[in-house]
Amino acid sequence: MSPFLRLVLAVLASISLPDRPVELEYEWVGAREGPLLVFLHEGLGSLSMWRDFPQRLAAALGMHGLVYSRPGYGKSTPRAADERWDVDFMHRQARDVLPALLDAVGAGAEPAWLYGHSDGGSIALLFASMFAHRVNGAIVAAPHVFVEDVSVGSIERTRIAYMETQLRDRLARHHEDVDSAFWGWNDTWLHPRFRAWNIERELEAIRAPVLAIQGTDDEYGTMEQLRRIARRVPGTQTLELEHCGHSPHRDCPDAVIEAAVRFAGSR
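A brief structural summary.

Rules behind the numbers
- Here the residue numbering is sequential within each chain, running from 1 through the sequence in written order.
- pLDDT decides what is reported in this predicted model: residues at 70 or higher carry local features, side-chain atom pairs at 80 or more are listed and counted, and totals for whole chains, interfaces and linings draw on all residues regardless.
- As a rule here, side-chain values cover all heavy atoms of the structure and leave hydrogens and water aside.
- If DSSP finds at least two bridges between two strands, the strands pair.
- In DSSP terms, a helix is any run of H or I states spanning at least four residues, a strand is any run of E spanning at least two, and both are numbered starting from the N terminus.
- To get an axis, a line is fitted to the C-alpha atoms, and for a helix only the part in contact is used. The angle between two axes follows their N-to-C directions and goes from 0 to 180 degrees.
- Contacts were defined at the residue level, with two residues in contact if any of their heavy atoms lie within 4.5 Å.
- In this analysis, the expected span of each helix is defined as 1.5 Å times one less than the number of residues it contains.
- Partly exposed describes any residue whose relative accessible area lies between the buried limit of under 20% and the exposed limit of over 50%, with all areas from a 1.4 Å probe on protein chains only and scaled to the type maximum.
- Patch membership is restricted to residues that have no salt bridge and whose relative accessible area is over 30%. Joining uses 9 Å for like charges and 5 Å for the nonpolar side chains Val, Leu, Ile, Met, Phe, Trp and Tyr.
- For accessible areas, the Shrake-Rupley method is used with a probe of radius 1.4 Å. Any residue's cover is judged against the shown protein chains and nothing else.
- Salt bridges are identified by distance alone: a Lys or Arg side-chain nitrogen within 4 Å of an Asp or Glu carboxyl oxygen.
- For the charge count, each Lys or Arg is scored as positive and each Asp or Glu as negative, with His and the chain ends excluded.
- Charged side chains are reduced to one point each, which is NZ for Lys, CZ for Arg, CG for Asp and CD for Glu.

1. Some details on the sheet that holds strand E2 (residues 21-30)
Inference 1: Sheet architecture is open: 8 strands sit in the order E1-E2-E4-E3-E5-E6-E7-E8, paired in mixed fashion. Bordering the open sheet on either side are strand E1 (11-16) and strand E8 (237-241), each of which pairs with just one other strand. Ignoring which end each strand starts from, the neighbouring axes of this sheet average 25 degrees apart.
Inference 2: As judged from the 4 bridges shared by strand E6 (residues 135-141) and strand E7 (residues 210-215), these two strands associate in the parallel manner. Residue Val140 lies in a different strand from E7, and its bridge partner there is Ala212.
Inference 3: Against the sheet, helix H8 (residues 224-232) contacts E7 and E8, and its axis sits at roughly 165 degrees relative to E7.

See below:
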């Protein structure tokens, strides 16, 4: 078995969305009790792709961690064959999916800490802006608040790799319907209308403390993402990690955990 593949016994939560019912794969990690910490994965991620990072971070923080796969990913309900995600898909995840999941697993009344990566970081910021009373703090790694040319260029290259290399096979280890996950994300990010996507205005409603993390070698975004968050959310802490790409929790996990413990401990 690949050392990068976690074996996860899927637990499914049934939720009702405005357009259909779905089942979401989820797992509890870390402390049995304590503050709630929710993990939100990247655009091609899933519960299993986090590896052991959620367990490590939740344990270091003394928090009760909730990890899940969004609809279309992992073992969660895949996209229908004719389903196309609109450019507001991250808004919908923050407004509809995450609140429904929290309610379904009995955590709806508890303010949460959030750890979001890439698209998951954007969803964490959107959730914090929509439900300020439900968020104690947000840690976002490689988040997107606007669309950069470097992001689009890398996503175009990822599309080619998916069709011409073994990328599809590698991702298929983590998704029961890998085409659902890949094309849902890729088609939306490369849609011409998505170039205008921007959530900077939404950031102004965030009241929780934010730690924003970016690798200096991130192929999907630049430090301007962090600067714009800091301009819109007073008191934002930023962390720039050298020799780190788009996935700080994989490239620099110890540095991320240390920063998160320091950040949460100061609140």
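2. Digging into helix H6 (residues 178-189)
Inference 1: Taking 1.5 Å of rise per residue, the 12 residues of H6 would be expected to cover 16 Å, and the 17 Å separating its terminal C-alpha atoms lies within 8% of that figure.
Inference 2: Of all 12 residues in H6, 9 are buried, a share of seventy percent or more.
Inference 3: Within H6 the residues assigned to the buried category are Val178, Ser180, Ala181, Phe182, Gly184, Trp185, Asn186, Thr188 and Trp189.
Inference 4: Tucked into the core, H6 has its buried residues touching helix H2 (89-104), helix H3 (119-130), helix H4 (149-164) and helix H5 (167-172).

3. Notes on a negative patch on the surface
Inference 1: A grouping of Asp217, Glu219, Glu240, Glu242 and Asp251 is seen on the molecular surface, where their side chains present a negatively charged patch.
Inference 2: Looking at the secondary structure, you find Glu219 in the loop between E7 and H8.

4. Here we look at the environment of Ser151
Inference 1: Counting through the fold element by element, Ser151 comes out in helix H4.
Inference 2: Judged by its relative accessible area of 0%, Ser151 falls in the buried class.
Inference 3: Residues Ser151 and Leu57, spaced 94 residues apart in sequence, show a C-alpha to C-alpha distance of 27 Å.
Inference 4: Here Ser151 is in contact with His144, Trp189, Tyr220 and Gly221, once residues within four sequence places are set aside.

5. Considerations on the pattern of salt bridges
Inference 1: Tallied over the full model, the rule gives 16 salt bridges.
Inference 2: With a closest N to O distance of 2.8 Å, Arg193 and Asp86 form a salt bridge. Of this pair, Arg193 sits in the loop between H6 and helix H7 (200-203) while Asp86 sits in the loop between strand E4 (64-68) and H2; the two residues are 107 residues apart in sequence, bridging distant segments of the chain.
Inference 3: With a relative accessible area of 31%, Asp86 lands in the partly exposed category.
Inference 4: The residue Glu224 makes a salt bridge to Arg228 at a minimum N-O spacing of 3.1 Å.

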